[in-house]
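Structural features, examined
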Amino acid sequence: MTAAALWRRIRPALMVLLALAILAVLWELYKWLMPDDGVRIGDTLVLPRSDDASMPHLWDIVSEFGEHEVGDSGQTVGVSVIDAVWYSLRLAAAGFLVGVVVGLLLALAMERVRIVRRALLPYIVLSQTVPLIALAPLVFAWGGNLHLFGLEWRPWMSVSVIAAYLAFFPVAIGALRGLASPTPVQAELLSSLAASWWQTLVRLKLPASVRYLIPALKLAAAAAVIGAIVAEISTGLRGGIGRLIISYAQLATGDPARVYAPILGAAVMGLIAVGLISLLEIGLRRYTPEGTTA
Amino acid sequence: MSDAVVIAGVGKTFATDKTEVEALTGIDLTVGPGEFVSLIGPSGCGKSTLLRIIADLLAPTTGTVTVNGKSPRQARDDQDYGFAFQQAGLLEWRTVEGNVELPMALGGMDKGARRTRARELLELVGLGDFAGHRPSQLSGGMQQRVAIARALARRPALLLMDEPFGALDEMTRERMQAELLRICGETGAAVVFVTHSIPEAVFLSHRVVVMSPRPGRITEIVDVPLGTRDDDVRESEPFFQAITEVREALRGRKHR
């Protein structure tokens, strides 16, 4: 890879950092320039308050990570957030993997049999219009009654199922496009070479799909993270970042900066998830000629 | 040695929801071992369809085809033919060498033998120095040569070519024609070659099969009695005579 090509790969990551820096500057600028009580027209608040209770200084939020959760001893907020991120990230990862497998299998079935595609595709799209908040408690309740093949259902599995439910969708749609992307000549070529269905899949359709799958996997990774957090909140599962957001929010009046600590943790979780997919993209770069990623 | 291709009474009808289109009717043609035969005719005369029937990419509606004394299906499974398309159809994530190796990889040949054979073929088509390149780094003519090398990979007794030089400029085209004849001389493969170009058909072929549309059929078969084909042939009297003969056959005028 040449220096220029390397730069083109790294640049998106640098752009993310730059965007974060700009956001931080805007936050502090707003706090500095705007009145503490916000801006009102009549009785209506048109710009939010910028006092320390509403918008703590960034350095207060950062220093919060070093504070102890309770009193002057015990676990610090930082450790709690890291523990929670690690816990939620694993649930999201499990959901992501299940979602990817399900999405790929659905795409393969739809690509292979036209009638399956016509029958399935509307439901796949429909599945994403059901509000997650409504779905999460249902999955949680069903899970409680499940005893599959001697496997005891655990609450965290419900959270992963919900993450998978969000993650499979972009994968199914992206893979379906990718599997159909080889040119007619390439398809005829494999046929003239007496390639089996499996050989055609492995040698032609999957490699041709990579440039559609990479963006789909990024969407799926972000969706799995969101799904896991929302599911934790709406099922009340302990141990993850979702629960931490709720329990710190209850302290908002006493310690406003603490509310933002798990939110930052959640954002970092999303960045880690998408970053891992970017590593995968670098590993698969020979299947994604520059500028062709869909 | 059995004939490369024997076509007897082949017809092909494409049925859509409302209409039926007769693409080919009453085709009889035999291609001998090592013989070079061109199919020429206006668009819609079914020449590409005929090529795909020989290759078992399409099934004939009527009639029978044998390739190397076998059914087309068997010949395809045995890789008795190599197919070169109008577009090179290279897989852009594979190197030039990887593309040439593809038919052998599908056939289960081991890595070492594959590589040796691919190098040999790339030398044959004059691309020995480009084994590690990506298809996108090659010109159109070079890509087409890779496609020809790939078609030759499993030492087929028959090459099926669908306007392989159609997208090339005239200079490259003439050079590729000479290369193709040299390669055929070295491999002894029979060729069925679809083209729109009369000079190309005449320069390359032992026989030119002239077809006409609606329904697609063979109207005349022109023998081309040229000796050694080199660049001088292109300016010789028999070459021009053969061109005239094919042209008049295409116009539907009998010239003898």
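Keep in mind that this is a model prediction, so the values were computed, not measured.

1. A closer look at helix H5 (residues 140–151) of chain B
All names here are of chain B. Here H5 contains 12 residues, and its C-alpha end-to-end distance of 17 Å stays within 8% of the 16 Å for a straight helix at 1.5 Å per residue. With nine of its 12 residues buried, H5 lies for the most part within the structure. Where H5 is concerned, the buried positions are Gln143, Gln144, Arg145, Val146, Ala147, Ile148, Ala149, Arg150 and Ala151. Buried residues belonging to H5 abut strand S5 (81–84), helix H3 (96–106), helix H4 (111–124), strand S6 (158–162) and helix H6 (170–187).

2. Here's the deal with the interface of chain A and chain B
If you look at the interface, chain A gives 17 residues, while chain B gives 16 residues. Counting residues per element, the ones that place at least two in the side of chain A that touches chain B are helix H7 (184–192) and helix H8 (197–235) of chain A. In the side of chain A that touches chain B, the residues fall into nine nonpolar, five polar and three charged.

3. Quick word on the environment of B:Leu39
Residues and elements named next belong to chain B. If you trace the backbone, Leu39 turns up in strand S3 (residues 36–40). Exposure remark for Leu39: the 24 C-beta atoms within 10 Å place this residue in the buried category. Along the backbone, Leu39 and Ala201 are 162 residues apart, and their C-alpha atoms lie at a distance of 7.8 Å. Among residues more than four places away in sequence, those in contact with Leu39 are Lys47, Leu50, Val192, Val194, Val209 and Met211.

4. Structural notes on the domain arrangement of chain B
All names here are of chain B. Each domain of chain B was delimited in the assignment, giving domain 1 (1–80 + 157–256) and domain 2 (86–155). Here the C-alpha centre of domain 2 lies 24 Å away from the C-alpha centre of domain 1. Residue-level contacts link 14 residues of domain 1 with 13 residues of domain 2. Listing elements by their share of the side of domain 1 that touches domain 2, those giving two or more residues are S6 and H6. Among the elements that make up the side of domain 1 that touches domain 2, the one with the highest residue count is H6 (five residues). Along the lines of polarity and charge, the residues of the side of domain 1 that touches domain 2 split into seven nonpolar, four polar and three charged.

5. Comments concerning the sheet that holds strand S4 (residues 62–67) of chain B
Residue and element names in this part refer to chain B. One open sheet holds the three strands; their spatial order is S2-S1-S4, and the pairing between them is antiparallel. Across the chains shown, the open sheet's two edge strands, defined by having one partner strand only, are strand S2 (20–31) and S4. Going across the sheet, the axis of each strand differs from the next one's by a mean of 25°, ignoring polarity. Where strand S1 (residues 5–15) lies against S2, eight bridges are found, and the strand directions are antiparallel. The partner of Ala15 across the bridge, within S2, is Glu20.

6. Some thoughts on H7(A)
Of all the positions in H7(A), only A:Gln186, A:Leu189, A:Leu190 and A:Ser192 are classed as buried. Taken end-on, H7(A) shows its buried residues confined to a sector of 160°, consistent with a single buried face. For H7(A), the elements touching its buried residues are H8 of chain A together with helix H2 (72–77) and S5 of chain B. Just beyond H7(A), the residue with positive phi is A:Ala194, at close to 60°.

7. Focus on the nonpolar core
Ranked by size, the top nonpolar core spans 141 residues in total, and within it A:Ala163, A:Ala167, A:Ala224 and B:Val246 carry the most contacts. In terms of residue count, H8(A) provides more of this core than any other element does, 18 residues in total. Those residues in contact with A:Ala163, other than ones at most four positions away along the chain, are A:Leu91, A:Ala92, A:Gly95, A:Phe96, A:Ala224, A:Gly227, A:Ala228 and A:Ala231.

8. Structural notes on the packing of helix H3 (residues 77–112) of chain A against helix H4 (residues 114–127) of chain A
Residues and elements named next belong to chain A. Orientation of H3 relative to H4, taken along the N-to-C sense of each, is 140°, at an axis distance of 7 Å. Put simply, H3 runs oblique to H4. When you trace H3 past H4, the crossing you get is left-handed. Of H4, the residues touching H3 (which contributes Leu106, Ala109 and Met110) are Val116, Arg117, Leu120, Leu121 and Ile124. In terms of residue class, the contact of H3 with H4 is made up of seven nonpolar, no polar and one charged.

9. Some thoughts on the environment of A:Ala109
Residues and elements named next belong to chain A. Locating Ala109 in the fold gives a position in helix H3. Judged by C-beta crowding, with 15 C-beta atoms within 10 Å, Ala109 ranks as partly exposed. Taking the C-alpha atoms as reference points, Ala109 and Glu281, 172 residues apart in sequence, are found 25 Å from one another.

10. Side note on the sheet that holds S5(B)
In a beta sheet, neighbouring strands are held together by backbone hydrogen bonds and run either parallel or antiparallel to one another. All names here are of chain B. In space, the six strands of this open sheet follow the order S5-S6-S7-S3-S8-S9, with mixed pairing throughout. In this open sheet, the two edge strands, each paired with only one partner strand, are S5 and strand S9 (217–223). Adjacent strand axes in the sheet meet at a mean angle of 15°, parallel and antiparallel pairs treated alike. Looking at chain direction, S5 and S6 are connected through four bridges and run parallel. Considered in S6, the bridge of Tyr81 is made with Leu158.

11. A look at unusual backbone geometry
Looking along the chain, the bond that leaves B:Arg214 and enters B:Pro215 is cis, with omega of -15°. Among the secondary structure elements, B:Pro215 is positioned in the loop between strand S8 (207–212) and S9. Here the phi dihedral of A:Ala194 falls at roughly 60°; this positive angle occurs in a residue that is not glycine. Of note, A:Ala194 is situated in the loop between H7 and H8.

12. As for the pairing of S9(B)
As defined by bridge partners, S8(B) adjoins S9(B) across six bridges and the pair is classed as antiparallel. Across the sheet, the residue bridging to B:Ser212 is B:Arg217, located in S9(B).

Reading the values: the criteria
- Along each chain, residues carry numbers from 1 onward, in the same order as the chain's sequence is written.
- Here the convention is simple: chains get letters from A, ligands get numbers from 1, in the order in which they are written.
- Only residues with pLDDT of 70 or above have their local features reported here, since the model is predicted, and side-chain atom pairs are shown and tallied only from 80 upward, although totals for entire chains, interfaces and linings are computed over all residues.
- Put simply, DSSP H or I for four residues or longer makes a helix, DSSP E for two residues or longer makes a strand, and each gets a number counted from the N terminus.
- Helix span, as expected, comes to 1.5 Å for every residue beyond the first.
- For every residue, the other C-beta atoms within 10 Å of its own C-beta are counted; 20 or more classify it as buried, 12 or fewer as exposed, and values in between as partly exposed. C-beta atoms are placed from the backbone.
- Whether two residues are in contact is decided by their C-beta atoms, placed from the backbone, lying within 7 Å.
- In this classification, the charged set is Asp, Glu, Lys and Arg, the nonpolar set is Ala, Val, Leu, Ile, Met, Phe, Trp, Tyr, Cys and Pro, and all remaining amino acids, among them Gly, are polar.
- The domain limits used here are those given by an automatic or database domain assignment.
- Two strands qualify as a pair provided that DSSP identifies no fewer than 2 bridges between them.
- Angles shown run from 0 to 180 degrees and are taken between the N-to-C directions of axes, each axis being a line fitted to C-alpha atoms and, for helices, limited to the stretch in contact.
- What the arc describes is the spread of directions from the helix axis to the C-beta atoms.
- Put simply, a nonpolar core is a cluster of buried Ala, Val, Leu, Ile, Met, Phe, Trp, Tyr and Cys residues tied together by C-beta atoms within 7 Å.
- To sort the angles, those under 35 degrees are grouped as roughly parallel, those over 145 as roughly antiparallel, those from 65 to 115 as roughly perpendicular, and the leftovers as oblique.
- What makes a crossing left-handed is the near helix being turned counterclockwise from the far one by less than a right angle; a clockwise turn instead makes it right-handed.

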